[in-house]
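Observations on chain architecture
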Amino acid sequence: MSATRAAVTISGVDKVFRTRKGGEVHALSDVSLEVAAGEFVSLIGPSGCGKSTLMRLVADLDGVTGGEISVFGKSVEQARKDQDYGIAFQQAGLLPWRTVRANIELPLEIHGVEARARKERSDELLALIGLEDFADHHPDQLSGGMKQRVAIARSMAERPRLLLMDEPFGALDEMTREHMQNELVALCQETGAAVIFVTHSIPEAVFLSDRVVVMSPRPGRITDIIDLSFSSRDEELREDAAFYEGVTAVRSALHGGVADGPRGVENR
Amino acid sequence: MRGATTARTMLAPVALGVVAIALWQLLVVAFEVKPFLVPSPSDIAGAFTESFSHIVDAAKVTGLNALIGLVMGALTGIIVAIFANALRVMSQMLAPLVAALAVIPIVALAPVFYAMFGAAAHTGRQIIAAIAVFVPMYLNTLNGLRQVEPVHRDLMRSYAATAEQANRLLLLPGAVPYVLNGLKIGSSLAVISALIAEYFGGPANGLGKAITSAAAGSNYTGAWAYVLGAVLLGALFYGVTAGIEAWALRRRGGS
């Protein structure tokens, strides 16, 4: 992987938060990671391991204390200004006074895309997430899963080559969650975007990812990276032995033991 | 179900009002209370219908002053709040001034304004109403602008949205319920201020002046009829702004 082909390059990043009482919280310590174009990478770890913080640094929502991050070879600030990434959070974060369509079109509207092109794009995305019939509904008329689908459609509105997702399915029930995972896999295959996906769920990380980055807290750092190379990601994979091996590998990495998965495990 | 609840919430205060007025009438008649103390409701109603057209004319004058004051005060309050929200220093600088405006009885400035703008102009009254409206408008709008959810703030930053875009697309629409609540509070203040300001001089064709001159001419029942006109004017302002609020909130899609 050459640096120019990487979607995201994180090298030696430190992040220290200063608390109001003058204390310091070491959120991330010497984190290095490279995400290739089109690659799906999950960040997993217990609360406080800095996985969300790391994603926010890539998104330029917070600044690094030390080290460097580049996105498509640019500074994070430039990448944010160039709209190189789309972002989705655990809360859907839809604007309640806007319709579903107007919510999806929000980033396009901000960046001066004209009305007709906006409508074309939102039509495509509404079809993609299967909510054509809800285009003129307001968010409070939607279920949690539908809201999250709208939020994901909005993150894809500008066809970004990088998607940043912070536990987007965290608040959903298991059934909806699996359904959303299947949809996300399909969407990513269509768009070919690289994804950094923050999650608490081991099966979710294994099902979705090319690589699972395991992190540990105090200070947040990468303890392991598990490579997964499934030939296809569909409902059958969830019952496949290889899937369970992946789950076991991630779980043992998370619990600090030596990963004993038979293959695809790197220890760094 | 909903209809029944609405009927009950409407009916209860109406019933109370009817009972209160009946009691009032009964007491005045039974104890032969003199009109300069309290006239009976039926006498007030009689005076009200008798000079109805004059009351309406006077209400138009006072109402126009209140309306102009309401619009000026509301716009100024919203605009100043937008800047105060963007610049923390400005909101800190304004805090004592707004607190002062909130505690000073603004109408006390009326004589000063009559001196400034001349006794024939309504300008002073309109300014007094505007200042009275400005305070709740500014405080409510500022509060509303500060209610932004962190996720929305992050979103706007991720879109590299300009301050103008963030205001127009996120902050102001989010503040609408607060702004409309401020407008509702301001609407009654506008009427009260415009009315009381008339007590201190200026053109004599408004409701406030009509109340004082009727009372000064020992026409107590007439004074009460004008007071009734003022109550109705205040209720009209409040009703319209409360209606706008209810309509806008329903239109936003529930919540």
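Residues numbered from 1 in each chain as written. Chains lettered and ligands numbered in written order. Predicted model: local features only at pLDDT ≥ 70, side-chain atom pairs only at ≥ 80, totals over all residues.

Observations concerning the overall build of chain B
Defined as follows: Strands here mean DSSP runs of E at least two residues long; helices mean DSSP runs of H or I at least four residues long; both are numbered from the N terminus. Counts of 20 or more other C-beta atoms within 10 Å of a residue's own C-beta define buried residues, counts of 12 or fewer define exposed ones, and intermediate counts define partly exposed ones; C-beta atoms are placed from the backbone. A pair of residues counts as a contact when their C-beta atoms, built from backbone coordinates, are within 7 Å of each other.
For chain B, the helix and strand inventory stands at 10 helices and 0 strands. Taken across its 255 residues, chain B has 37% of its residues classed as buried. Summarising the internal contacts of chain B: among those between residues at least 6 apart in sequence, 79% fall at separations of at least 24.

Topic: the overall build of chain A
Along its length, chain A carries 8 helices and 11 strands. Overall, the C-alpha framework of chain A stretches about 55 × 45 × 40 Å when taken along its three principal axes. A burial count over chain A gives 43% of its 268 residues as buried. Contacts spanning at least 24 positions in sequence make up 69% of the contacts within chain A whose residues lie at least 6 apart.

A look at the pairing of strand S9 (residues 211-216) of chain A
All names here are of chain A. For clarity, the threshold we go by: Strand pairing follows a simple DSSP-based rule, namely that at least 2 bridges must link the two strands.
Looking at chain direction, strand S3 (residues 40-44) and S9 are connected through 4 bridges and run parallel. Its bridge partner being in S9, Ser42 is matched across the sheet by Val212. In terms of strand pairing, S9 meets strand S10 (residues 221-227) through 6 bridges, oriented antiparallel. From the neighbouring strand, Arg211 faces S10, where its bridge partner is Asp227. The turn joining S9 and S10, which pair antiparallel and follow one another in sequence, is formed by 4 residues; a positive phi near 50 degrees is taken by Arg218.

Topic: the sheet that holds strand S4 (residues 66-71) of chain A
All names here are of chain A. As summarised here, the arrangement of the 4 strands in space is S2-S1-S4-S5, forming an open sheet in which the pairing is antiparallel. Looking along the sheet, the strands with just one partner apiece sit at the ends: strand S2 (24-36) and strand S5 (74-75). In the sheet, strand S1 (residues 6-18) pairs with S4 via 5 bridges, with the strands oriented antiparallel. In the strand pairing of S4, Ser11 is matched with Glu68.

Examining the interface of chain B and chain A
By a widespread convention, an interface's size corresponds to the accessible area lost as its parts come together. Quick note on the threshold: Gly counts as polar in this scheme, as do all residues outside two lists: the nonpolar Ala, Val, Leu, Ile, Met, Phe, Trp, Tyr, Cys and Pro, and the charged Asp, Glu, Lys and Arg.
Listed per partner, the contact involves 17 residues of chain B and 16 residues of chain A. Every element with two or more residues in the side of chain B that touches chain A is listed here: helix H7 (150-158) and helix H8 (163-197) of chain B. Here the element with the most residues in the side of chain B that touches chain A is H7 of chain B; it accounts for 6 residues. Its residues placed into classes, the side of chain B that touches chain A shows 8 nonpolar, 6 polar and 3 charged.

Examining the packing of helix H5 (residues 110-117) of chain B against helix H6 (residues 123-145) of chain B
Residue and element names in this part refer to chain B. Under the convention used in this document: Note on method: axes are straight lines fitted to C-alpha atoms, helices fitted across the in-contact stretch only, with angles between N-to-C directions ranging 0 to 180 degrees. For classification, angles of less than 35 degrees are called roughly parallel, those exceeding 145 degrees roughly antiparallel, those between 65 and 115 degrees roughly perpendicular, and all remaining angles oblique. Left-handed describes a crossing whose near helix is turned anticlockwise from the far helix through less than a right angle; right-handed describes the clockwise counterpart.
Orientation of H5 relative to H6, taken along the N-to-C sense of each, is 135 degrees, at an axis distance of 8 Å. With respect to H6, the axis of H5 lies oblique. Along this stretch, H5 crosses H6, giving a crossing that reads as right-handed. Contacts between H5 and H6 involve Ala110, Phe113, Tyr114, Met116 and Phe117 from the first element and Thr123, Gly124, Ile127 and Ile128 from the second. When its residues are assigned to classes, the contact of H5 with H6 shows 7 nonpolar, 2 polar and no charged.

A word on the domain arrangement of chain A
Residues and elements named next belong to chain A. Applicable threshold: Note that the domain bounds were set by an automatic or database domain assignment.
One can read the domain layout of chain A as domain 1 (1-84 + 161-256) and domain 2 (94-159). On a C-alpha basis, the centres of domain 1 and domain 2 stand 25 Å from each other. At the interface, 10 residues of domain 1 touch 11 residues of domain 2. If you tally residues by element for the side of domain 1 that touches domain 2, the top one is helix H6 (residues 174-191), at 4 residues. The class makeup of the residues in the side of domain 1 that touches domain 2 is 7 nonpolar, 3 polar and no charged.

Some details on the environment of Val150 of chain A
Looking at the element boundaries, Val150 of chain A is found in helix H5 (residues 144-155). The contact partners of Val150 of chain A, leaving out residues within four places of it in the chain, are Ala92, Leu94, Val100, Asn103, Ile104 and Leu131 of chain A.

Points about the domain arrangement of chain B
With domains assigned, chain B is organised as domain 1 (1-33) and domain 2 (44-251). In this structure, domain 1 of chain B and domain 2 of chain B have C-alpha centres spaced 30 Å apart.

Here's the deal with the pairing of S4 of chain A
As paired elements, S4 of chain A and S5 of chain A share 2 bridges and run antiparallel to each other. Looking at the pairing, Ser70 of chain A lines up with Ser75 of chain A of S5 of chain A.

A closer look at the confidence of the model for chain A
Here is the rule: A score between 0 and 100, pLDDT records how confident the predictor is in each residue.
For chain A, per-residue confidence averages 83 on the pLDDT scale, and residues scoring 70 or more make up 94% of the total. The low-confidence segment residues 258-268 of chain A, where pLDDT is below 50, has 22 contacts with residues more than four positions distant or belonging to other chains.

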